[in-house]
Amino acid sequence: MNRQGIELKWLLLGMFLGSIGNSFVWPLTTIYMHQQLHESLTVSGIVLLLYSGANVVGSYIAGTLFDKKNPRQLMLGGTVTATVIMGLLIAFNGWPVYGILLTGVGFMNGWIITMVNSYGTQSGQDGRYVFNMLYFANNLGMVIGTTIVGPLYQYAHGNISPMFSITTVLYVLFSAVVFFFFKDNESSRRSNREVDVEVEDGEKQVKMPVSNLIISWTFFAALMIIWTMYEQWASNLSVFMTDQGISMTKYSLLWTLNGVLIVIIQLIITWINRYHSNLYLQVFLGLFTVGFSFVLLLFAKSYIWFVLAMTVLTIGEATAFPTMPAIVNELSPVNIKGKYQGILNAFSSLGKAIGPLFGGILIELSSYRILFVVCAVAVFVTLAIVFIVVKSNQSRTVHY
């Protein structure tokens with residue numbers, strides 16, 4: 001039994017169930033608010049901004065508390081609270097209650113994902129394998145959820161209650177997994193007492209080495225920038241594609257392709273890492289391909305170009321995004337791993353929050369072409385900075 005008393009399979013099952021549940025919520029927000037609640041796209045954007053902002057706060061608080069309090073109680077409290085909010089949304093999904101409760105969902109999602117990632121740092125297995133598998137489980141759930149939710153919403157004639165009913169059931173199952181399989185043990189209780197003592201002593205024993213700190217914070221900032229650019233695919237690109245005469249159905253298929261490719265690429269990467277692994281090289285290659293996907297969009301005039309660009313984007317996403325948390329995990333001292341996973345998730349959520357607004361403003365001021373150029377340049381500049389910082393500090397890092 002590992003430190004936190006949980007086997008990786010239960011962690012993956014929890015992530016999988018939560019991912020399906022979330023996939024029944026976030027894709028419908030804009031269309032539901034606009035078509036059923038008759039709110040403007042601006043109001044929808046504000047609600048999504050509050051959702052992502054609450055996600056940032058939930059991520060940071062959860063990561064900080066994980067290192068100091070009982071992780072199982074925090075995890076169970078998060079899943080149960082999320083279940084209650086989802087249950088309320090079955091009956092109370094009018095305006096403005098929907099926006100308020102959805103903000104609560106955002107907070108709890110940040111809380112739960114950070115808790116799962118923090119548990120992953122204590123799984124007793126290779127961090128690279130753990131974070132690849134967590135990313136795999138998350139995206140497998142997303143593929144299933146997003147494939148089902150569209151037809152289900154159409155069949156329900158715009159009634160969102162069935163979606164929240166399914167999500168509530170999934171979170172009940174998630175809570176059951178936490179209750180029965182996320183066990184406390186003496187070593188985890190002792191570890192928490194040790195952390196309390198170290199905090200009282202000024203955290204002298206849990207401070208990060210300077211080189212570790214520099215690389216980690218560079219990764220946090222890089223993830224915020226990358227997610228800001230990445231979110232153009234999830235928001236403003238749908239309008240660009242329909243302006244090109246491409247249907248929304250074909251746009252949605254790009255995300256099905258994204259999810260399927262992530263699952264396949266993650267399996268390939270997991271297999272390759274058994275024999276050879278260079279985490280920093282994976283980050284460099286991943287960031288380069290994400291940037292190159294925006295270069296391809298400059299030439300996109302037909303659907304096949306968007307398919308090609310999404311394929312390149314997904315290769316970069318699947319290569320870099322799960323690798324950066326794994327590196328931060330290796331660079332973080334044992335007793336503050338949760339804190340830094342929380343910060344990482346918070347910066348990622350911040351990028352997701354400002355991405356659609358950033359792109360919308362840039363498009364209004366200029367054009368989609370300028371947006372794609374800015375995105376490509378931003379990612380490539382970020383890659384250059386990450387490369388320089390890593391090469392300058394890598395030899396002095398301490399691994400935990």
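- In the nomenclature of an unreviewed UniProt entry, the protein chain is known as MFS transporter of Limosilactobacillus urinaemulieris.
- According to the UniProt record, the Subcellular location (unreviewed entry) comment for the protein chain is "Cell membrane".

1. A closer look at the nonpolar core
Okay, step 1: One finds Phe219, Trp233, Phe294, Leu297 and Phe372 to be the most contacted residues of the largest nonpolar core, which totals 63 residues.
Okay, step 2: Those elements that place two or more of their residues in this core are α9 (210-234), α10 (236-243), α11 (248-273), α12 (279-297), α13 (303-320), α14 (323-331), α15 (337-365) and α16 (368-393).
Okay, step 3: Ranked by residue count, the leading element in this core is α16, at eleven residues.
Okay, step 4: Once you skip the residues sitting within four places of it in the chain, Phe219 turns out to touch Tyr280, Met324, Ile327, Val328, Val386 and Val390.
Okay, step 5: Within the second largest apolar cluster, 52 residues are counted, among which are Leu17, Tyr119, Tyr153 and Phe174.

2. Observations concerning the confidence of the model for the protein chain
Caution is warranted with low-pLDDT regions, since their predicted coordinates should not be read in detail.
Okay, step 1: The share of residues in the protein chain with pLDDT of 70 or more is 92%, and the mean pLDDT across the chain is 85.
Okay, step 2: For the protein chain, helix α8 (residues 186-200) is the element with the lowest average pLDDT, namely 46, and α16 is the one with the highest, namely 96.
Okay, step 3: Segment residues 1-5 is flagged for pLDDT under 50; beyond a separation of four residues in sequence, or across chains, it makes 25 contacts in the model.
Okay, step 4: Taken as a whole, residues 186-204 scores under 50 in pLDDT and shows 24 contacts with residues more than four places along the chain or in a different chain.

3. Remarks on helix α5 (residues 97-121)
Okay, step 1: Spanning 25 residues, α5 covers 37 Å between terminal C-alpha atoms, matching the ideal 36 Å at 1.5 Å per step.
Okay, step 2: For α5, the buried fraction is high: 19 of the 25 residues fall into the buried class.

4. Digging into the side chain of Thr167
Okay, step 1: By the element assignment, Thr167 lies in helix α7 (residues 161-181).
Okay, step 2: Thr167 gets classed as buried once you look at its relative accessible area, which sits at 0%.
Okay, step 3: From its side chain, Thr167 meets the backbone oxygen of Met163 in a polar contact 2.9 Å long.
Okay, step 4: Apart from the residues within four sequence positions on either side, Thr167 is in contact with Gly21, Phe24, Val25 and Met86.

5. Re the packing of helix α1 (residues 8-23) against α7
Okay, step 1: α7 packs onto α1 with a crossing angle of 165° between their chain directions and a minimal axis gap of 8 Å. Looking at the two axes, α1 sits roughly antiparallel to α7. Crossing hand, α1 versus α7: left-handed. Along the contact surface, α1 presents Trp10, Leu13, Gly14, Met15, Leu17, Gly18, Ile20, Gly21 and Asn22, while α7 presents Thr167, Leu170, Tyr171, Leu173, Phe174, Val177 and Phe181.

6. Some remarks on unusual backbone geometry
Okay, step 1: The step from Trp95 to Pro96 runs through a cis peptide bond, and the omega angle for that step is 5°.
Okay, step 2: Mapped onto the fold, Pro96 is located in the loop between α4 (71-91) and α5.
Okay, step 3: Phi is positive for His38, which is not a glycine, with a value near 60°.
Okay, step 4: Along the chain, His38 falls in the loop between α2 (29-35) and α3 (41-66).
Okay, step 5: Residue classification places His38 among the exposed positions, given a relative accessible area of 65%.

Rules behind the numbers
Within each chain, residue numbers correspond to sequence positions counted from 1 in written order. Whole-chain, interface and lining totals are the exception, using all residues; otherwise, since this is a predicted model, local features are given only for residues with pLDDT of at least 70 and side-chain atom pairs are given and counted only at 80 or more. To obtain the side-chain values, all non-hydrogen atoms of the structure were used and water was disregarded. UniProt positions are given in the numbering used here, feature names are shortened, and annotations may be inferred rather than shown by experiment. Put simply, a nonpolar core is a bunch of buried Ala, Val, Leu, Ile, Met, Phe, Trp, Tyr and Cys residues held in one set by side-chain atoms that sit within 4.5 Å of each other. Accessibility here uses a 1.4 Å probe with only protein chains present; expressed as a share of the type maximum, an area under 20% marks a residue as buried, one over 50% as exposed, and anything in between as partly exposed. Numbering of helices and strands starts at the N terminus; helices are DSSP runs of H or I of at least 4 residues and strands are runs of E of at least 2. What makes two residues a contact is simply this: any of their non-hydrogen atoms within 4.5 Å. Each residue carries a pLDDT score, the predictor's own confidence in it, on a scale running from 0 to 100. Any helix carries an expected span of 1.5 Å times its number of residues minus one. Here a polar contact means two N or O atoms within 3.5 Å. Within protein one must be a hydrogen donor candidate and the other an acceptor candidate, and residues neighboring in sequence count only if both atoms are side-chain atoms. Working convention: axes come from line fits to C-alpha atoms, limited for helices to the stretch in contact. Angles between N-to-C directions cover 0 to 180 degrees. Our angle categories are set so that under 35 degrees counts as roughly parallel, over 145 as roughly antiparallel, 65 to 115 as roughly perpendicular, and the remainder as oblique. For any helix crossing, the convention is left-handed if the near helix is rotated counterclockwise from the far helix by under a right angle, and right-handed if that rotation is clockwise.

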